[in-house]
Amino acid sequence: MRLGRYRRELSVSVAFLGLLALLALAAPRFFRAEQLMAMAVSNAPVVVAAMGMTMVILCRQIDISIGSQFGVCGIAAGLMAQAGLPIPLVVVGTLLVGASFGAVNGWLIARVGLPSIVVTLATLVIGREALRYGRQGAFVRNLPDAFQWFGAGQEAGQWIILGAALAVFLVFAWALRNLAAGRAVYATGSDPEAARLAGVRPSWVVFGVFTIMGALTGLAALLSAVRFVDVDPNAGMGLELRVIAAVVVGGVAISGGRGLPLGALIGVALLGIIGPALVFLRIEPQWEKAIQGMIILLAVATDALDRGGR
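Here the structure is a predicted model, which means the values were calculated and not measured.

Student: I would appreciate a short explanation of the overall build of the protein in the present structure.
Tutor: Of regular secondary structure, the protein possesses twelve helices and zero strands. Relative to the 2.2 N^0.38 estimate, which gives 19 Å for 310 residues, the radius of gyration of the protein is 19 Å and therefore close to what a compact globule would have. Summarising its shape, the C-alpha atoms of the protein cover approximately 55 × 55 × 35 Å along the three principal directions. Among the 310 residues that make up the protein, the fraction classed as buried is 48%. Put simply, 81% of the contacts in the protein that link residues at least 6 apart link residues at least 24 apart. For the protein, the accessible area works out to roughly 14900 Å², and carbon and sulfur atoms hold 68% of it. The centroid of the 23 positive side-chain charges in the protein is displaced by 7 Å from the centroid of its 15 negative side-chain charges.

Student: What exactly am I supposed to notice about the side chain of Thr-217 here?
Tutor: By the secondary structure assignment, Thr-217 is in helix 9 (residues 202-225). Only 2.8 Å separates the side chain of Thr-217 from the backbone oxygen of Met-213, close enough to count as a polar contact. Setting aside residues no more than four positions away along its own chain, Thr-217 makes contact with Ile-66, Gln-69 and Phe-70.

Student: Explanation requested: the pattern of salt bridges in the structure shown.
Tutor: Should their charged atoms come close, side chains of opposite charge can pair. Applying the stated rule across the entire model yields three salt bridges. A salt bridge links Asp-230 to Arg-141, with the nearest nitrogen and oxygen atoms 2.8 Å apart. Here Asp-230, found in the loop between helix 9 and helix 10 (239-249), pairs with Arg-141, found in the loop between helix 5 (116-135) and helix 6 (154-178); they are 89 residues apart in sequence, far enough to count as distant.

Student: Is there a simple way to explain the environment of Ala-269 in this structure?
Tutor: Residue placement: Ala-269 occurs in helix 11 (residues 261-280). As a C-alpha pair, Ala-269 and Ala-40 span 229 residues in sequence and 8.5 Å in three-dimensional space.

Student: Looking at this model, I keep getting lost on the packing of helix 4 (residues 87-111) against helix 9. Mind explaining?
Tutor: Packed helix pairs are specified by the crossing angle of their axes together with the interaxial distance, meaning the distance between the axes. Running from amino to carboxyl end, helix 4 crosses helix 9 at an angle of 150 degrees, the nearest separation of the two axes being 6 Å. If you check the angle between helix 4 and helix 9, you find them roughly antiparallel. In this structure, the crossing between helix 4 and helix 9 has a hand that is right-handed.

Student: Help me understand the packing of aromatic side chains in this model?
Tutor: What describes a pair of aromatic rings is the distance from one ring centre to the other and the angle between the planes of the rings. Counted according to the given criterion, the structure contains three aromatic pairs. Aromatic side chains Phe-30 and Phe-31 sit 5.3 Å apart centroid to centroid with 80 degrees between the ring planes, which places their arrangement in the edge-to-face category. A relative accessible area of 32% places Phe-31 in the partly exposed class. Plain terms: the ring middles of Phe-30 and Phe-280 are 5.4 Å apart, the flat faces sit at 90 degrees to each other, and that makes the pair edge-to-face. Taken together, the residues span a long stretch of sequence, with Phe-30 in the loop between helix 1 (7-26) and helix 2 (33-58) and Phe-280 in helix 11 at a distance of 250 residues. By relative accessible area, which is 0% here, Phe-30 ends up buried. Three or more aromatic residues link up through ring pairs in this structure, and these residues are Phe-30, Phe-31 and Phe-280. In this structure, Arg-132 packs its charged tip against the face of Tyr-133, placed 4.6 Å from the ring centre.

Student: How do you make sense of a nonpolar patch on the surface when you look at a structure like this?
Tutor: A surface patch of nonpolar side chains, about 280 Å² in accessible area, is lined by Trp-107, Val-112 and Leu-114. What makes Trp-107 partly exposed here is its relative accessible area of 47%.

Student: Teacher, can you tell me more about the nonpolar core here?
Tutor: Looking at soluble globular proteins, one finds that nonpolar side chains tend to be buried together. Counting residues in hydrophobic clusters, the biggest one holds 89 residues, and the most contacted among them are Val-48, Met-51, Met-53, Ile-57, Phe-147, Val-243 and Val-247. Examining the composition of this core, we find that 15 residues originate from one element, helix 2, more than from any other. Every residue in contact with Phe-147, bar those within four places of it in the chain, is listed here: Ala-77, Gly-78, Ala-81, Ile-87, Val-90, Leu-222, Ala-225, Val-226 and Val-231.

Student: Quick question: what am I supposed to make of unusual backbone geometry here?
Tutor: Most peptide bonds take the trans form, and the phi angle of most residues other than glycine is negative. Here the phi dihedral of Arg-60 falls at roughly 70 degrees; this positive angle occurs in a residue that is not glycine. Note on placement: Arg-60 falls in the loop between helix 2 and helix 3 (66-82). On the basis of relative accessible area, Arg-60 is assigned to the partly exposed category, the value being 41%.

Student: I keep staring at the side chain of Ser-116 and nothing clicks. Help me out?
Tutor: The topology assignment puts Ser-116 in helix 5. Judged by relative accessible area, Ser-116 falls into the buried class, the value being 8%.

Student: In this structure, what is going on with the environment of Ala-27? I would like to understand it.
Tutor: In this fold, Ala-27 is placed in the loop between helix 1 and helix 2. The spatial distance from the C-alpha of Ala-27 to the C-alpha of Leu-223 is 30 Å, given a sequence separation of 196 residues. Residues in contact with Ala-27, not counting those within four places in the same chain, are Leu-22, Phe-280 and Leu-281.

Student: Would you mind going over the packing of helix 4 against helix 5 with me for this structure?
Tutor: In the contact formed by helix 4 and helix 5, the axes pass within 9 Å of each other and the chain directions differ by 150 degrees. Between helix 4 and helix 5, the angle is such that the two are roughly antiparallel. The two elements helix 4 and helix 5 meet at a crossing, and its hand is right-handed. Of helix 5, the residues touching helix 4 (which contributes Asn-105, Leu-108 and Ile-109) are Ser-116, Val-119, Thr-120 and Thr-123.

About the criteria used
- Residues numbered from 1 in each chain as written.
- Predicted model: local features only at pLDDT ≥ 70, side-chain atom pairs only at ≥ 80, totals over all residues.
- Heavy atoms only, no water.
- Helix = DSSP H or I, 4+ residues; strand = E, 2+ residues; numbered from the N terminus.
- Rg over C-alpha atoms; globule rule 2.2 N^0.38 Å.
- Buried < 20%, exposed > 50% of the residue type's maximum accessible area, 1.4 Å probe, protein only.
- Contact = heavy atoms within 4.5 Å.
- Areas by Shrake-Rupley, 256 points an atom, 1.4 Å probe, with all protein chains shown as cover.
- Lys, Arg positive; Asp, Glu negative; His and termini not counted.
- Charge placed at Lys NZ, Arg CZ, Asp CG, Glu CD.
- Polar contact = N/O pair within 3.5 Å; in protein donor to acceptor, adjacent residues only side chain to side chain.
- Salt bridge = Lys/Arg side-chain N within 4 Å of Asp/Glu carboxyl O.
- Axes fitted to C-alpha atoms, helices over the stretch in contact; angles between N-to-C directions.
- Parallel < 35°, antiparallel > 145°, perpendicular 65-115°, else oblique.
- Left-handed = near helix turned anticlockwise from the far one by under 90°.
- Phe/Tyr/Trp six-rings, centres within 6.5 Å; stacked < 30°, edge-to-face > 60°.
- Lys NZ or Arg CZ within 6 Å of the ring centre and 35° of its normal.
- Patch = residues over 30% accessible without salt bridge, like charges linked within 9 Å, V, L, I, M, F, W, Y side chains within 5 Å.
- Core = buried A, V, L, I, M, F, W, Y, C linked by side-chain atoms within 4.5 Å.

What follows is the structure, given as structure tokens:
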């Protein structure tokens, strides 16, 4: 196995471990079990969305609408639970709402031929405006006990959320490596014309990837919503930038065709730890976005240099 192929993933891993080492020396209280659990649970929905975004970017596309999809799916989950639907049906319904949004994006991009950034920017605005006019800022309240933490209580519910995120990561990491559909995603992003000559239908791959992205956004919204007593219509604001940043920082090439779900997972962990780390290191939290921005810029520049050297 050539380690050079995984240079980006290794460099992000080193940065992550270096930050952990600094925290171990300067702020050992950071490693309290409850603190680590809280961070893991809060980042679990980001991991789920990042697996979908990994596939989207591997296909040389982008989806900046997932923040509004996240908000709509969360509200849909809350309303279904409020109406008395059993939790399994709430889960299925939320996934279907997300998949429907993704399918609309995928159809406009793959079949109509519109640029993904234009389509998803439009659906981002449409989704947010629909939430604004439909909810007028009102939370979904009076949810049944079976909704919060899936009715299992906080301790067990946290493990359910972590287990769901881990299962999604393992499934997509295995599928992209071992299934023909996973290889089709890489082929579509590397060279759509060559993929077509090899028997792959890039338009259907792109459509499927955006549909899956929507379903995973719905799952991420549900995993986030069950942590709270009420569902916030503004949930998901800025999620798209956080997820895209984590995926790109984790080594998934914005030019498509290269990258691993493991890298995206490490990217989520690295960017997710910066905010809490600043608090424990007694550094102004306002620096969080600046530090994340520098990391993202470095990752994109590295990707550009890699492509220039090929």
